[in-house]
Amino acid sequence: MSASPSTESLRTVHGACPHDCPDTCALQVQTDGQRVIKVSGRADHASTHGALCTKVSRYPERTHHPERLLTPLKRVSAKTEPPRFETVSWEAALADIATRLNAIAARDPQAIQPYSYAGTMGLLQGGSMADRLWNRLGAARLERTICASAGAEALNLTYGSRVGMHLRFFAESKLILIWGSNSIASNLHFWTYANQAKRAGAKLVCIDPRRSETADKCHQHLALRPGSDGALALALMHELIRHDWLDHDYLARHVEGWPGLRERALQWPPERAAALTGLNVAEIEGLARDYGQTAPAAIRLNYGMQRVRGGGNAVRLIALLPCLVGAWKHRAGGLLLSSSGWVAPYKNNEALERPDLLAGRQPRSVNMSAIGDALLDLNDPPIQALVVYNSNPAAVAPDSGRVIRGLQRADLFTVVIEHFLTDTADLADYVLPATTQMEHLDVHASYGHTDVLINEPAIAPLGQAKPNTQIFRELALAMGFDEPWVHEDDEALARMAFFAPPDAADAASPQGGGPPRERPSAGPGIPFDALREQGFYSLPLPEAPFADGSWPTPNGKVWAAHPQAGVPDFVPNQECAETDSARAVRYPLAMISPPARNFLNSSFVNVKSLRDIEREPLLEMHAQDAAARGLQDGQMVRVFNARGEQLLRLALNGRARPGVVNGLGVWWRKFGVDGKNVNELTHQGLTDIGAGACFYDCLVEVTAA
Ligand SMILES: Nc1nc2c(c(=O)[nH]1)N[C@H]1C(S)=C(S)[C@@H](COP(=O)(O)OP(=O)(O)OC[C@H]3O[C@@H](n4cnc5c(=O)[nH]c(N)nc54)[C@H](O)[C@@H]3O)O[C@H]1N2
Ligand SMILES: Nc1nc2c(c(=O)[nH]1)N[C@H]1C(S)=C(S)[C@@H](COP(=O)(O)OP(=O)(O)OC[C@H]3O[C@@H](n4cnc5c(=O)[nH]c(N)nc54)[C@H](O)[C@@H]3O)O[C@H]1N2
Ligand code: SF4
Ligand SMILES: [Mo]
């Protein structure tokens, strides 16, 4: 008889989607106590509005996957051979790992390199106890640059923080530029608001080299060349100035350094930008007219456009456009790239991460976007131990040839904490089983909306899996750190993650006019019990926060010219004809590798029902480029450059523009025909601002396989 649970035994708990996605959905998790039965989106959470993406609605399948890691594993094969592991007890694994790490730390703790990203965005499982251990030990630090640091730092240099429009007011905009974002795939709950605006008569313009699922649904698609966004922004400014579609009052009162930016923009007539962007002059002029003459106009900028060398400058330029036309005066005008700055003053990072445990030491810092070079080239000391959690660098870091060679070093001791045997876990000495979001407590902030959420465990840990926090607690104890900071449990950590309101009276009067400048000692705060009761808590914020300036800069003005960084400018790609003509002759196609819709970075690639939708790794190419190479739709092709090569199935599906190929990511290497993925081709160069990864700044050539 099938054991279908009776309705009485079912329980529903408040959850939060842990994934690196701007939407941070509020979940409703149904369980019979043993298994997760159903995961759905909460109807009473505004931006989630009862709907989840396909990936996360398949969460029971991922959680109860037959290949979930349920015990610690110890490697018994060489790193250059196919991986073989044996099961070991937690006690044996932690004792051995502690001995190895202590021996390295006794010589130099900076030889221990933590590597983590946003596999979970939870403030507990994403850091907390792990950071405490690394701080206490004096381990090397990690510059967490693999995704958003160019854009984030560019916003800091423009607005003073990562702030912008509120998501819900996009529904009232009359013109929306969806810029470097495949919203339908990667920001679904923004798309709902954009769609409402569309139904109310707004015009939607998609600015993206690829004809994405989102471009299909917009009124206009401007397929510019990768990395040319800064040139487009400057030409738009040129046209706004030439036609005097400017809000002189906003510029005069709230923008610092406008004359310098004006002078620069006047050097960018549409003809100059047309040559770089591959758009025609009429398209640029038309976009400027729409933007200059439609109010309220909103820009949903996203991270796709900043994964190129000039990504930081391009974000600075685009982020200034709404100031030229005074779009910020309306709550449905302005720009949103990240909302993470709004919650920053509420977060008590010091309590969670305990930087005081460093006791004045300043360990070296390694940029995660160049981990291949760091593993192979760093000296004094070389990286001797790598502890990976919440990330899959063998698949997601650029220039994988070098990353893999680094991970294969016989003298490197690698510990990977995971749900599955990923490409990175395949190269570990120890693999430790972690709980999923269904099995642990956490609290979450978002970078796309301004609510904080709690995630209650729905089921007990599966097998011998443990939360990251508990693994680091036990590792710290095994290493000999029997100190008070180790003994705070997850409930205590959750309660200290956000400042509490100083008292009920103060908490009832949030400040208006922009985010607080610095973390005040008493408030603002978040009432933990209310958060727990409701499952989410909306930060009290003004609707049009910058209508009257009040930017979170020292004098409240936007920086068109930053005191140190000056006026932003167009910076061409590291790999393009303008920068490196010899390379462009050998490798004439620009390759971008945005994510496939049904994966989240490299997560979910092993969930069969989702992989069945994506089928296999593809290379999208324009018919004209295929014809020039004698290539046919559906055939296997060899994509290559000086760093490496990969075999991919060719798709002539109308989504690629001439001169650009799209290698959809981020597949696990082991699912690739040749055991590789697109990062075999990407490079470790860094962005102009924020030292971020340049995944979409890459030249390749393609031939028949
Ligand atoms: N389904 C799904 N959702 C996701 C993710 C996922 O992997 N899958 N990843 C999550 C994460 S970690 C992040 S950071 C976000 C990423 O989501 P986004 O911030 O939207 O960034 P990308 O998906 O990298 O790229 C978005 C679009 O930018 C385009 N693009 C590439 N180069 C350029 C350029 O030079 N200029 C312009 N204008 N456009 C360019 C790409 O073709 C792509 O369609 O999404 C999150 N959500
Ligand atoms: N070519 C190319 N490369 C890219 C990108 C691209 O667009 N193109 N996108 C880049 C971007 S934007 C990003 S953000 C990075 C993302 O790269 P990563 O941060 O590595 O993200 P994922 O690939 O999703 O891997 C996260 C891993 O964390 C694990 N995990 C999840 N929750 C937990 C937990 O609670 N505990 C533990 N221990 N593990 C957990 C998951 O099982 C998963 O294997 O990739 C980058 N790489
Ligand atoms: S991945 Fe994004 S859209 Fe999907 S459930 Fe999570 S937060 Fe929502
Ligand atoms: Mo990301």
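Parameters at a glance
Per chain, the residues get numbers from 1 upward, laid out in the order the sequence is written. By the order in which they are written, chains take letters starting at A while ligands take numbers starting at 1. For this predicted model, a pLDDT threshold of at least 70 governs which residues receive local features, and a threshold of 80 or more governs which side-chain atom pairs are given and counted, while totals over whole chains, interfaces and linings are taken from all residues. Side-chain measures here rest on the full set of heavy atoms in the structure, leaving out hydrogens and waters. UniProt positions are given in the numbering used here, feature names are shortened, and annotations may be inferred rather than shown by experiment. Start and end points for every domain follow an automatic or database-based domain assignment. Residue contacts are counted whenever heavy atoms from the two residues lie within 4.5 Å of one another. When two parts are put together, the accessible area they lose, computed with a 1.4 Å probe and summed over both, is reported as buried area. Counted as salt bridges are all cases of a side-chain nitrogen of Lys or Arg within 4 Å of a carboxyl oxygen of Asp or Glu. We define a polar contact as two N or O atoms separated by no more than 3.5 Å, with the added condition that, inside protein, one atom must be a possible hydrogen donor and the other a possible acceptor, whereas residues neighbouring each other in sequence contribute only through side-chain atom pairs. A helix here means a DSSP run of H or I that spans at least four residues, while a strand means a run of E at least two residues long, and both kinds are numbered starting from the N terminus. Nearness is defined per residue: one heavy atom within 4 Å of the molecule or strand is enough. Each accessible area is a Shrake-Rupley result for a 1.4 Å probe, and residues are judged covered by the shown protein chains and nothing else.

The name that an unreviewed UniProt entry assigns to the chain is Anaerobic selenocysteine-containing dehydrogenase, with the source organism given as Inhella inkyongensis. UniProt, in the comment section headed Cofactor (unreviewed entry), describes the chain in these words: "Mo-bis(molybdopterin guanine dinucleotide)". The record held by UniProt for the chain lists under Sequence similarities (unreviewed entry) the comment "Belongs to the prokaryotic molybdopterin-containing oxidoreductase family."

### A word on the domain arrangement of the chain
Domain boundaries in the chain define domain 1 (7-63), domain 2 (73-146 + 355-451 + 460-486), domain 3 (150-337) and domain 4 (581-704). Of the residues lining the interface, 25 residues belong to domain 2; the matching set on domain 4 comes to 20 residues. In total, about 1600 Å² of surface goes out of reach between domain 2 and domain 4, with carbon and sulfur atoms giving 49% of it. Among the residues of domain 2 in contact with domain 4, Pro 398, Asp 399 and Asp 423 are the three that bury the most area, contributing 28% of the side total. At the boundary of domain 2 with domain 4, the tally comes to one salt bridge. The shortest N-O distance in the salt bridge between Lys 670 and Asp 426 comes to 2.8 Å. Inspection of the region where domain 2 meets domain 4 yields 17 residue pairs in polar contact (both at pLDDT 80 or more).

### Examining the UniProt feature "domain: 4Fe-4S Mo/W bis-MGD-type" (unreviewed entry) in the chain
UniProt marks residues 10-67 with the feature "domain: 4Fe-4S Mo/W bis-MGD-type" (unreviewed entry), using the numbering shown here. Annotated as residues 10-67, this span is 16% helix and 31% strand, and its ends, taken at the C-alpha atoms, are 26 Å apart.

### As for the site of ligand 1
Residues in contact with ligand 1 amount to 32 residues; listed here are only the nearest, Asp 208, Asp 229, Phe 599, Asn 601 and Tyr 696. Asn 601 places a main-chain nitrogen or oxygen 2.6 Å from an oxygen atom of ligand 1. Look at ligand 1: alone it shows 890 Å² of surface, and the protein chains cover 98% of it.

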